[in-house]
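Read off the chains here:
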Amino acid sequence: MTTLRSRQQHGLEATASRGDKTKTALTKAPPTNPSVRTASRIGDKRNQFFDLHIFLNYGWIGILLIFLWFWGLYYVIQSTDEKSTKLIEIQHLLRKRGNGAQGKAGGKITSSQVQHSGFDIAGNPAKDMGASAGKYADPDSDGHETIDMREWSRTLPFANPDGGTWAQGFELDPIPISKTTPLKVFVVPHSHCDPGWLKTFDEYYQSQTKHILDTIMESLQQDQRRKFIWAEISFFEKWWNEQSADIQDTVRMLLRNKQFEFVTGGWVQPDEANTDLYAMEVQLQEGHDFIRETFGEEYIPKYGWSIDPFGFSPTMAYLLKKYGFKGMLIQRVHYAVKKELALHRQLEFLWRQTWDDEGEYDMFTHMMPFFSYDVPHSCGPDPEVCCAFDFARLPNVGVDADGIVYTKECPWELKVKPIHQRNVAKRAMVLLDQYRKKASLFRSNVVIAPVGDDFRYRTLAEAQAQFENHQLLFDYLNENIAGVSIQFGTLSEYFDAVIGTFDPPILKGSFFTYADHKEDYWSGYFTSRPFDKALGRRLERTLFAAETMGATKEEMREARRSMSLFQHHDAITGTATDKVMEDYATRMQNAILDIEQWMVKKLTAEHEHLGTLQPCWQSPSSRGMDVNFCNESDQVLLFNPLDTEQLCGDVSVKGRSMGMGTLPCERPGSIPNSIIQFDPLSGLMTHPIKEQWMVWSVNEGGAYLFVPGSLHDYKGIDIQIEMGGFVVKTKNWRRTVIERTVPTNFQGKATFIEFIYETNLRDDEEEWLVRFNTDIQSDGVFHTDLNGFNFDTHYHRPDLPIQAQVYPMPTHASIQDSDRRLTVLSEHSQGTASLEDGTIDVWLDRRLSQGDGRGLEQGVQDNVWTRSKLRVLVETEGYKHGQNEEFDTTPLCKQMWKELNHPLELFGTVKDTVKGFGSTPFHNDFKPSNFNPTQTGDDLSHKQQAYKYEIPIVFMVQKRVDYFKRVIDSLRKSDFPRATVPIIISHDGRIQEMINFVESIQSDFQVIQLFHPYSCIEHPNSFPGDDPSLNKGYEGDSYGNLRDAHVCCLKHHFTWMINEVFELTSVKMAAGFLFMEEDYLVAPTIYETLQTGFGFLDQDNKKDEYFGLTLDISDNFANKIPKKRNQWTTKRFVSGPMTIGRHMFALLQQFSNQYCEFDDYNWDWSMVHLMGKGLLPCKTLVPNEPQVLHIGIDGGLHDHYENSELEEAITIGLQPFHAKLSGQLSEVGRFMDFPKAHDQGYGGWGHPADQEHCKKLFHGQDPKPKQYFHL
Ligand SMILES: [Zn+2]
């Protein structure tokens, strides 16, 4: 109870602290040095730009200053300047109210290599598969035992009767064994290691996987009869690179002995629902390349092992066949399908491609019969009996080095007991009974019994328990039971013993949608985390483009591996924790940037006359949509990665070549003779198809499961309809329609419309979808694709729950009748269904607050603005239909698909100003430039002169929109040349109200928006937010306080921002920047002051003498305003809005390690620390007339402040300042000495994670969060 209450209290404090930027170190343990910490605490309470702590740190100075303050106050009040008196009174009031952050194309599959009916990922149209009439309707017509899953989906009851011991099956009889019919058992030790799920890839590696690999190698050496199989090369490669030559030799020896074996050998064990063939192949190549280069061709696996992906696709069978595989094993298949196959001993079959009449790509497949791949569900049908042979569950065995017990006791009555001479006979016979029963399900007398689970074999004790106890049982059985041969085995030993011993049935089709239990259908993960799914495809497109441009596998290695990692069955599926998804996204974003850099380098070299090129479409963060960086009027370079022509407007770019064009390549709107109609009230399309925005309101379901509730139309308030319906916007759901012309030879035969949805789902327990509604008589038949390569056919089943009829749609969904075919093509994978005749539903996003009992233990709530681009094609001719026809797409549809997935890559010269950088979730590439400088209020036109220095203003903002509005008002009334000089707004988190406001001022200002990617607001529970694991083993800062994100977030934001701003290409001409917060008003002469001051600092002899220009002489103390207003002064830097030039930033970069390592959460005080060490100049230049006014106080503006008071402050507080600068400057003498160097800061910045992150930002390195989870 106590813990709970204190956590709640902490939460409350955190919320409050984000609002007013005060820090919460206050809530932490008592400091070791109470007097210093007291100072720090008072510092905590200050506003960032108000350095009260500096004063208070020096006791006597503090007292003196307090004296001076009152003296000053008295002095000024006595002054005849009535305005000053008023200002002072207001500022004083504010303070009193509280002073308150590939070889070429990667061995891609081409049409010349293979016939297939689907799409070719390389963009080559596949050959038509030809007629296969008859087979589908009559699967047994060729006399061979053929199972068609599509037929089963129409006819199988999918019932769930109680099977007894084997709950989802039936009672089994043990097979008889004798010398003439012997039983051979291979017990296969394995450990299922997810490359990211609850923990990130690196976290799992450090905490578990490396220990597992150490353990395996050690225990295999102890007994040559021991075996082990390993699937995830991503982990193995990392481990391998850390091993000594001796251990590497041991591994080679174990591979040679066939004790250790790679299975599948992919980078990961990929998901098979959301992935496409290209990515599946890249991840396989990455693993195989490593094995080949490290151990040699002979160690590349010949057998596949896929035990955890949630449903299976024949595309994987095809791919593995193409890579020379001889067999594969799968596990998670609908229990009713398993049962039906088991009843006919068809769990081992030849998986045949639906289009492959000759069986050229047949793959021998073993389907595990039971519920799971863990030990209880692997030895035989009785989980209670099997569990008792999971020796990792013995007491005191599954305990890791940290004393954490990671294995659970069996949840059944039977418990695990060690094997010894007295019980071995009895126990061995119990186990043999399970193997004999399992064998009854198969046509060979060979049994495979995997022994392992998630992250097993973590300690030697566990490995010993598993190997030794099993060996005792094996020895007994081998010696005492005739006809039994049992041993540890590898996957190839099993398959080698089975394949060829019987004539397997043929099976066609897929194993979607998977259910593991009752009506728990895993159809939610087809859509979960659509932003990340889309980012994955974006990476694929970029990689593909680079590879067609000539990039080699070696050049693309890191990018290929980042992409490969994301194909893992907890990554692209969206079934990992928030921080893990973030880790994948960061890796992908970095990969995209790396590939683009490669392309830019190549193009710039080839097109020197174009200047510095950049990709037009870029994303400012790993979870932000792309924005256009190129000018619409400029010529842009167009690269066509396809082998067929593509258009940008009227410009045609030939296949695999370059062209020039202007943006945008396509605009919303209709084409001549358009038949499109929209509803005037909703803006939604009514013809030729009816468009519905719909919402499933649900009560259950999580990242994996979709559990329907009620379906209703999306009720958008604030609907804005533009262009008669071609653009429709609501607050969180926007849609653009682009009608496109079809090639001449298809005219009149097809309608082709593009729908771009941008959604930002904010309410929990909702699933958003778009329904395309037609009067096509689809008769319950629905076609989707498998991995952009194969097709699947589904039949509507009124007797089955809705969640059973939602399917993966990696790229394509289609319905048809004899008159028309409706096809929806997508840019990334999502869930789809056809629940009513004539309709196709495409999921756009889902948001759920709870887990769904599959171990993730969290919902899906990290939704961000997500773009789903859909192409809808209505064809009236040229497609095959009829019951006996295999589904196939038309050449037109294939072309549309290729262009959607591999559009032109656009490169332009650097834009002068980037409007709406990362800000506008709605793509504004279609809109004409919205910048239209208008002069309001004062006549400042005479001041729109060419200023010598470009000094953009940078605002660091959080959520105080009411303040910021006033700030912008003051800026509007000032001489700031908003037509030519941008303002840069750096958001610490996506506060919608702030974003909306910023968007609203884009007509008046040139706005560059930045979003701090390491914002604590957006990462509350992971670095740099409060990740509790960071405090594990951390001894605390200089005061012994543990890490508290709220203390250090502002320094993180500032540090990131200053590095970002000085590197921004769009403001590369800027001489310097004025850094402000969201609550500082500016004087009408702000820019004149900046120009004059900066001109002075720009002199050679001043550059090294002055840190910069500050704008408030008083440092927020009214009494400090000098009598002689019309002058400039030199004083020591304290804090406050500051203007620094590029030269000073370079110096700061040089000494950034000291800045980053100084244990002080205040960015400004950290700079003062550098000044104290003599590393940075401490002088600033400052006008005697304050040119900024701090209005920020605790709480909301209106609670504390009368408008009239503020108005007065605004009107009288900031006066024009026109003073010239000569060499004669008054100096505040006492403050001209360097500040005292401190060994110790105010704390809160002692954690190596914060310091490392900071250093990487300064060194231009990618501060991947992964590196911060371990000390
Ligand atoms: Zn897994």
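This structure is a prediction, so every number in the text was calculated from the model and none was measured. (Residues numbered from 1 in each chain as written. Predicted model: local features only at pLDDT ≥ 70, side-chain atom pairs only at ≥ 80, totals over all residues. Heavy atoms only, no water.)

As a further point, take the sheet that holds strand E9 (residues 446-454). Spatially, three strands are ordered E9-E2-E10 in an open sheet, and the strand pairing comes out parallel. Since the sheet does not close on itself, it has two edges, and those belong to E9 and strand E10 (484-488), each with one partner. Neighbour-to-neighbour, the strand axes of the sheet open up by a mean angle of 20°, direction not taken into account. As defined by bridge partners, strand E2 (residues 183-192) adjoins E10 across five bridges and the pair is classed as parallel. When the sheet's bridge partners are listed, phenylalanine 186 is paired in E10 with glutamine 487. Where helix H16 (residues 491-498) meets the sheet, it contacts E2, E9 and E10, and its direction lies at approximately 160° from that of E9. (Pairing = 2+ DSSP bridges. Helix = DSSP H or I, 4+ residues; strand = E, 2+ residues; numbered from the N terminus. Axes fitted to C-alpha atoms, helices over the stretch in contact; angles between N-to-C directions. Contact = heavy atoms within 4.5 Å.)

This part takes up the packing of aromatic side chains. Here the structure, examined in full by the defined rule, presents 68 aromatic pairs. Arranged with centres 5.1 Å apart and planes meeting at 65°, the rings of tryptophan 1128 and phenylalanine 1217 form a pair that is edge-to-face. Pair noted here: tryptophan 1128 is in strand E45 (residues 1128-1132) and phenylalanine 1217 is in the loop between helix H30 (1203-1213) and strand E49 (1226-1227), with a separation of 89 residues, a long-range link. Phenylalanine 1217 shares its class with tryptophan 1128; the two are buried. Of the aromatic side chains, those joined through ring pairs into one cluster are Phe1054, Phe1062, Phe1073, Phe1075, Phe1145, Tyr1155, Trp1163 and Phe1258. (Phe/Tyr/Trp six-rings, centres within 6.5 Å; stacked < 30°, edge-to-face > 60°. Buried < 20%, exposed > 50% of the residue type's maximum accessible area, 1.4 Å probe, protein only.)

So, about the state of the cysteines. Evaluation of the coordinates by the stated rule reveals six disulfides. Residue pairing for cysteine 379: its cysteine sulfur links by disulfide to cysteine 386, the two sulfurs lying 2.0 Å apart. Measuring handedness by torsion sign, the sulfur bridge of cysteine 379 and cysteine 386 sits at about -90° and is left-handed. This pair shows no difference in class: cysteine 379 is buried, exactly as cysteine 386 is. Between the sulfur atoms of cysteine 1016 and its disulfide mate cysteine 1049 the distance is 1.6 Å. Its S-S torsion of about -85° marks the bond between cysteine 1016 and cysteine 1049 as left-handed, since a negative value means left-handed. In this pair, cysteine 1016 sits in the loop between strand E41 (1007-1011) and helix H23 (1045-1063) while cysteine 1049 sits in helix H23, placing the two residues 33 residues apart along the sequence. What makes cysteine 1049 buried here is its relative accessible area of 2%. For the chain, numbering the cysteines in disulfides from first to last along the sequence yields the connectivity 1-2, 3-4, 5-6, 7-8, 9-10, 11-12. Free cysteine cysteine 1048: the closest other cysteine sulfur is in cysteine 1049, separated by 5.2 Å. (Disulfide = S-S within 2.5 Å.)

As a further point, take the packing of helix H14 (residues 424-439) against helix H15 (residues 460-480). Two measures define how a pair of helices packs: the angle their axes make with one another and the distance between the axes. Following both chains from N to C, one finds H14 and H15 inclined at 85°, their axes separated by 9 Å at the closest point. It follows from the interaxial angle that H14 and H15 lie roughly perpendicular. In this structure, H14 contributes Val424, Ala425, Arg427, Ala428, Met429, Leu431 and Leu432 to the contact, and H15 contributes Leu472, Leu473, Tyr476 and Leu477. Across the contact of H14 with H15, the residue classes break down as 10 nonpolar, no polar and one charged. (Parallel < 35°, antiparallel > 145°, perpendicular 65-115°, else oblique. Nonpolar A, V, L, I, M, F, W, Y, C, P; charged D, E, K, R; others polar.)

Here we take up the coordination of the zinc ion. Six octahedral donors at a metal ideally form angles of 90 or 180 degrees, and four tetrahedral donors ideally form angles of 109.5 degrees. Protein coordination at the zinc ion: the donors are His192 (NE2), Asp194 (OD), Asp308 (OD) and His569 (NE2), at 2.0 to 2.1 Å from the metal. With four donor atoms in place around the zinc ion and angles of 92 to 162° between them, the coordination shape is irregular. Counting along the primary sequence, the residues that act as donors to the zinc ion give the motif H-x1-D-x113-D-x260-H. For the residue pair histidine 192 and aspartate 194, the accessibility class agrees, reading buried in each case. (Donors = N, O, S within 2.8 Å, 3.2 Å for Na, K, Ca; no water. Tetrahedral: all angles 85-135°; square planar, octahedral: opposite > 155°, others 65-115°.)

Topologically, isoleucine 719 is positioned in the loop between strand E24 (710-713) and strand E25 (720-722). Accessibility expressed as a relative area gives 35% for isoleucine 719, which makes it partly exposed. Spatially, the C-alpha atoms of isoleucine 719 and arginine 734 are 9.2 Å apart, while their sequence positions differ by 15 residues. Excluding residues within four positions of it along the chain, isoleucine 719 makes contact with Ser682, Val728, Lys729 and Thr730.

Now for the nonpolar core. Counting residues in hydrophobic clusters, the biggest one holds 130 residues, and the most contacted among them are Trp230, Phe236, Phe260, Phe295 and Tyr435. Among residues more than four places away in sequence, those in contact with phenylalanine 236 are Leu213, Met217, Trp230, Val251, Phe260, Phe262, Phe290 and Phe295. Listed in part, the 47 residues of the second largest apolar core include Met994, Phe1096, Leu1109 and Ala1219. (Core = buried A, V, L, I, M, F, W, Y, C linked by side-chain atoms within 4.5 Å.)

What follows concerns unusual backbone geometry. Most peptide bonds take the trans form, and the phi angle of most residues other than glycine is negative. Cis rather than trans, the peptide bond between phenylalanine 512 and threonine 513 has omega equal to 0°. If you trace the backbone, threonine 513 turns up in the loop between strand E11 (506-508) and strand E12 (515-517). The omega torsion of the bond from phenylalanine 1023 to proline 1024 falls at 5°, within 30 degrees of zero and hence cis. Tracing the backbone through its elements, the reader meets proline 1024 in the loop between E41 and H23.

Now for the sheet that holds strand E1 (residues 146-148). In space, the six strands of this open sheet follow the order E1-E11-E7-E8-E6-E5, with mixed pairing throughout. Here the strands that pair on one side only, and so sit at the sheet edges, are E1 and strand E5 (303-306). Here the average twist between neighbouring strands, direction ignored, is 30°. Direction of pairing for E1 relative to E11: parallel, over a ladder of three bridges. Bridge pairing in E11 places isoleucine 147 opposite leucine 507.

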